[in-house]
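# Notes for the structure review
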Amino acid sequence: MSEDGDSDVASNDDPLAGVDPHRHPVILFDGVCNLCHGAIRFLVRHDAEGVFRFAPLESPVGQALLRERGLPTEDHDSFVLVEGDDTYRKSTAALRVARRLGLPWRLAWELRRVPLGVRDAVYDVVAAYRYDVFGRKESCEVPEPEVRERFAERALE
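Calculation rules
- Residues numbered from 1 in each chain as written.
- Predicted model: local features only at pLDDT ≥ 70, side-chain atom pairs only at ≥ 80, totals over all residues.
- Heavy atoms only, no water.
- Helix = DSSP H or I, 4+ residues; strand = E, 2+ residues; numbered from the N terminus.
- Polar contact = N/O pair within 3.5 Å; in protein donor to acceptor, adjacent residues only side chain to side chain.
- Patch = residues over 30% accessible without salt bridge, like charges linked within 9 Å, V, L, I, M, F, W, Y side chains within 5 Å.
- Areas by Shrake-Rupley, 256 points an atom, 1.4 Å probe, with all protein chains shown as cover.
- Salt bridge = Lys/Arg side-chain N within 4 Å of Asp/Glu carboxyl O.
- Phe/Tyr/Trp six-rings, centres within 6.5 Å; stacked < 30°, edge-to-face > 60°.
- Buried < 20%, exposed > 50% of the residue type's maximum accessible area, 1.4 Å probe, protein only.
- Lys NZ or Arg CZ within 6 Å of the ring centre and 35° of its normal.
- Pairing = 2+ DSSP bridges.
- Core = buried A, V, L, I, M, F, W, Y, C linked by side-chain atoms within 4.5 Å.

## Considering the side chain of His24
Tracing the chain through its elements places His24 in the segment before strand 1 (26-29). From its side chain, His24 meets the backbone oxygen of Val51 in a polar contact 2.8 Å long.

Here is the structure:
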């Protein structure tokens, strides 16, 4: 066990062993997307309290959380936040994450006042062209050691 009570190694039988979205909300992201990797690096820098955990959508943890929450396991166009018993996708997930960051980032929470259909339409355009604009990796990369400890997927070695 680590100092904060998280399991250091998830059970091979249960990819969600040691994952506690009540204590540490989990952000699921496209593991081969360069834009997504940049967003995760940004969040690690700006989540001063180290609240969030991260998992690629394609990983065993990501797939198990998607199944548990009744979401498609093959749709990697969505940013997903698993926070306690609730699950948020797309622009709502991004805004809920931003509101837990420091200033000025938490001010983005005010964008929740924009109608969901408009917010998600903008999100969908960015998602549709993210590989064209930002590129993609051939596979999900192993994060740097200082970032690796924040991943819910402990078997990244």
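## Structural notes on unusual backbone geometry
A cis amide bond links Leu103 to the next residue, Pro104, at an omega of 5°. By the secondary structure assignment, Pro104 is in the loop between helix 3 (90-98) and helix 4 (116-134). Positioned with a positive phi, Lys90 is a non-glycine residue whose angle comes to about 50°. Among the secondary structure elements, Lys90 is positioned in helix 3.

## Structural notes on a nonpolar patch on the surface
The grouping of Val125, Tyr129, Val133 and Phe134 at the surface amounts to a nonpolar patch, some 420 Å² of accessible area in total. Assignment of secondary structure puts Phe134 in helix 4.

## Focus on the packing of aromatic side chains
Per the stated rule, a full pass over the model turns up one aromatic pair. When the centroid spacing of 4.9 Å and the interplanar angle of 85° are considered together, the rings of Phe42 and Trp105 count as edge-to-face. In this pair, Phe42 sits in helix 1 (residues 34-46) while Trp105 sits in the loop between helix 3 and helix 4, placing the two residues 63 residues apart along the sequence. Exposure remark for Trp105: the relative accessible area of 36% places this residue in the partly exposed category. Looking at Arg130, its charged tip hangs above the ring of Tyr131, at a distance of 4.4 Å from the centre.

## Some remarks on the pairing of strand 3 (residues 80-83)
Here strand 3 shows two buried faces, one formed by Val80 and Val82 and the other by Leu81 and Glu83. Bridging between strand 1 and strand 3 involves three bridges; their strand directions are antiparallel. Paired with Leu28 across the strands is Val80, a residue of strand 3. Here strand 3 runs beside strand 4 (residues 86-89); their pairing, made up of four bridges, is antiparallel. Along strand 4, the bridge assignment pairs Glu83 with Asp86. A loop of two residues connects strand 3 with strand 4, the two strands running antiparallel in sequence, and Gly84 in this loop sits at a positive phi of about 65°.

## Here we look at the nonpolar core
Core analysis: the largest hydrophobic core is formed by 17 residues, its most contacted members being Ile27, Ile40, Leu43, Phe52, Phe54, Leu81 and Val97. Those elements that place two or more of their residues in this core are strand 1, helix 1, helix 3 and helix 4. In terms of residue count, helix 1 provides more of this core than any other element does, four residues in total. Counting residues in hydrophobic clusters, the runner-up holds 13 residues, among them Leu16, Val19, Leu71 and Val82.

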